[in-house]
Each structure stands twice: as C-alpha cells, then as structure tokens.
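Close look at the chain arrangement
Below, each chain spelled out in residue letters.
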Amino acid sequence: MTDSTGPARPTAPRGLPAPPPAGTTALPQGTYRGSLVLVTGGGTGLGKAVASEFARLGADVIIVSRRAAHLEPALEELARVSRDGGTVTAAVCDIRDPDRIAEVFDAAEAAHGRAPDVLVNNAAANFPVPAEDMSPNAWRTVVDITLNGTFYMTREFGRRHLAAGTPGSVIAVGASYAWTGGPGFAHSAAAKAGVKNLVETLAVEWGPYGIQVNGLVPGLMPHDDMTGDIRANLERGGPGVGTGGGADHDARQPALRVGAPRELGWAATFLASPYARFISGHTLVVDGANWQRRGLVSPPVVTVREQMGKGPFREGP
C-alpha cells in the first residue's frame, strides 16, 4: 500500500545533470605537466576544446590547422587557460601531406627534445550530400583528410616512438555512424568506419611497445565554429543550434540536453592520462546515449533527398 502522506516523488523526465562549469578540470592539476600534446584541427571547435583541457592540466600543446587564420585567435584563447608553465604553439599543416607532417614533428622535437607524448587526431572534413550527387572529388577530399590524414599523422607518431623506445597515446576522434552507417554522409561515415578499425588494429600492433590507441566520439556539442552546411542540416530538425544548443535540440536527446565541448575535452584528457593506461583499442562515445536511441514504433521513412529539400535525382551531363 502506498503512503499518500509521504513526500511526492518526481515523475517528470529531467535528463542528465549539467556538467561542471567551464574551467573545471577532470583530473588533478598538473597531470600533464611536462607532457607534449599535439591536436590536429585544434584551432577551432571541438579540437580547440580538447586542446584547452590539456592546457589547463599543464601540457605543452601544439595545435595544427590547414588554415593559418584559425590559429592566431586559438593561440590567444589557449594561452589564457594554460597552467603550470605549459606552452601553446601552432603549426600550419595539411594532414594529407606526409612530408609536411614529418616537418611538424621535426619542429616539435627540435623545440621540446622529443616527439609529442599524445596525439589527438581531430581534423576531418564533412558535409551533407546524397551519395548519388557526390562527386569523385568530394569523396576523395573527405576520405583523404578524415582517414588518410589520420593514418599519416598516427604513422609518423608511432614510428618516432618505436624508434625511440618511448610510450605514447593516440586518440582518434570518430563518429557513431562508423557503427550504424550515415545516410547523407556516405563519405564521412565510410572514412570514420576506417578510423575506428585503425584504432582497433594499431592498439594491438603497438601495445607491446607501450603505445595506446583509442577513439573518442562526440555527440551533438554545438559551438560557434560549426560549418554552415552542418548547422543548416541540424536546423532541418528545428531551430536552436548555437553555442548553447536550444530547447528543440535538447528535447531530441535522451539526456534532454546537448553536450558541452568541454565534456569531450575531459574524456580526451582521461583516455590519454596515466589513469587510463590499460584502456586501448576502445572507442568511447560521449553523446548521452543518443546514438543508441530506438523508438517503440519506427517512424515513416523519409529519403535523404527529401530531408535535404532536393527534388528527384536527375543525371547531369
């Protein structure tokens, strides 16, 4: 029998609690003091958020971007959060170019006396497009940056640590459609599936030499650097994507909120830390369980072309 005089119990969904405030660290201060961390795509968005959390924990951080214009504002921002004497530097690098990658690693060794201890492969390319409309060049560009570039960076990192006999940690930023497929993103989904497999393969190959390799998948974590086409794709589901998300997008998540970019940074600093040395070959999804959502009743199928507001396919010349 229920006691009707007892305190009322909440029944309305509340979602997952909000994260701690910005500036809070997930690990003890100084965890990365004396460590060198290289983050590709570190000048903007989630890459910058990841670089920020390593900087807060005392790391010397190198951010890499194809575009020099992305680096100067990021350097200023990262310098403000850097702790324990850590330095923040930048390098322009197209990760599709193995020779330029080698030059970046050479410069890092010349400046710091060793190769980076941690590599975060965040750089990628992506835009929504029906597969039948995708040009060969669009396919090549996304696969070259997202998969080939990740391999070239990781290969250079691994070779230097193997030669020196030193341990290291690699984190590759992936996507949940590596498991599920990604309608509207065939190029990126295929490339990210390759990245996930690369994580699992290299973790076994390089584990005996002290090199751990893990993946990290973000959920919806809105930020000001989201590209216009990705933002437009999200806004097809309703308004509200910005630095703080919006009520409509919160309601579409099992957590009843979108993620904060710093939450990805906290996960990255843990995976590469001394506290996670026995974790390797794993891909950690930080999305409030959104990728595992299933409805009791399947909604009607709406083609990718319809979702993008495109008419019937017409083969061009």
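In case you missed it, the structure is sitting above this.
What you are looking at is a predicted structure, and each value in this text was computed from that prediction instead of being measured. (Residues numbered from 1 in each chain as written. Predicted model: local features only at pLDDT ≥ 70, side-chain atom pairs only at ≥ 80, totals over all residues. Heavy atoms only, no water.)

A short note on the side chain of E263
Inspection of the secondary structure assignment puts E263 in helix α9 (residues 261-271). E263 sits in the buried class, given a relative accessible area of 17%. Apart from residues no more than four positions distant in its own chain, E263 is found in contact with P19, M221, R257 and V286. (Helix = DSSP H or I, 4+ residues; strand = E, 2+ residues; numbered from the N terminus. Buried < 20%, exposed > 50% of the residue type's maximum accessible area, 1.4 Å probe, protein only. Contact = heavy atoms within 4.5 Å.)

Regarding unusual backbone geometry
One non-glycine residue, D84, lies in the positive phi region at around 55°. Residue placement: D84 occurs in the loop between α2 (71-81) and β3 (88-92). Look at D84 and you get partly exposed, because its relative accessible area is 35%. The phi angle at A289 is positive, at roughly 70°, despite the residue not being glycine. Relative to the helices and strands, A289 resides in the loop between β7 (283-286) and α10 (304-307). Note on A289: relative accessible area 35%, which makes it partly exposed.

Observations regarding the environment of V64
One can find V64 in strand β2 (residues 60-65). A relative accessible area of 2% means that V64 is categorised as buried. Between the alpha carbons of V64 and T40 there is a distance of 4.7 Å; along the sequence they are 24 residues apart. Once residues lying within four places of it in the same chain are set aside, the contact partners of V64 are L38, V39, T40, G41, G42, G43, L71, A91, C93 and V104.

Some thoughts on the sheet that holds strand β1 (residues 36-40)
If you walk across this open sheet you meet the 7 strands as β3-β2-β1-β4-β5-β6-β7, and the pairing is parallel. With one partner strand each, in any of the chains shown, β3 and β7 form the two edges of the open sheet. This sheet shows a mean twist of 20° between the axes of neighbouring strands, independent of strand direction. Pairing analysis gives 5 bridges linking β2 to β3, with the strands arranged parallel. Bridge pairing links I62 to T89 in β3. Packed onto the sheet, helix α3 (residues 98-112) meets β1, β2 and β3 and runs at close to 155° relative to β3. (Pairing = 2+ DSSP bridges. Axes fitted to C-alpha atoms, helices over the stretch in contact; angles between N-to-C directions.)

Considerations on the packing of helix α4 (residues 136-164) against helix α6 (residues 186-206)
Between α4 and α6, the least distance of the axes is 8 Å, while the angle of their chain directions is 15°. On the basis of the axis angle, α4 is roughly parallel to α6. Seen along the crossing, α4 lies across α6 with a hand that is right-handed. Touching A138, W139, V142, V143, T146, L147, T150, F151, T154, R155, G158 and L162 of α4 are A186, H187, S188, A190, A191, K192, G194, V195, L198, L202 and W206, all from α6. (Parallel < 35°, antiparallel > 145°, perpendicular 65-115°, else oblique. Left-handed = near helix turned anticlockwise from the far one by under 90°.)

Here we look at the pattern of salt bridges
Inspection of every chain in the model, using the stated rule, returns 13 salt bridges. Residues R160 and D106 are paired through a salt bridge, measuring 2.8 Å at the closest nitrogen-oxygen approach. On the criterion of sequence distance, the pair formed by R160 in helix α4 and D106 in helix α3 is long-range, its members being 54 residues apart. A salt bridge links R305 to D133, with the shortest nitrogen-to-oxygen separation between them at 3.0 Å. One end of the pair, R305, is in helix α10; the other, D133, is in the loop between β4 (118-121) and α4, with 172 residues separating them in the sequence. Taking the relative accessible area as the measure of exposure, R305 reaches 13% and is therefore buried. Each of the salt bridges in this network shares a partner with another, and the network as a whole consists of D106, E109, E156 and R160. (Salt bridge = Lys/Arg side-chain N within 4 Å of Asp/Glu carboxyl O.)

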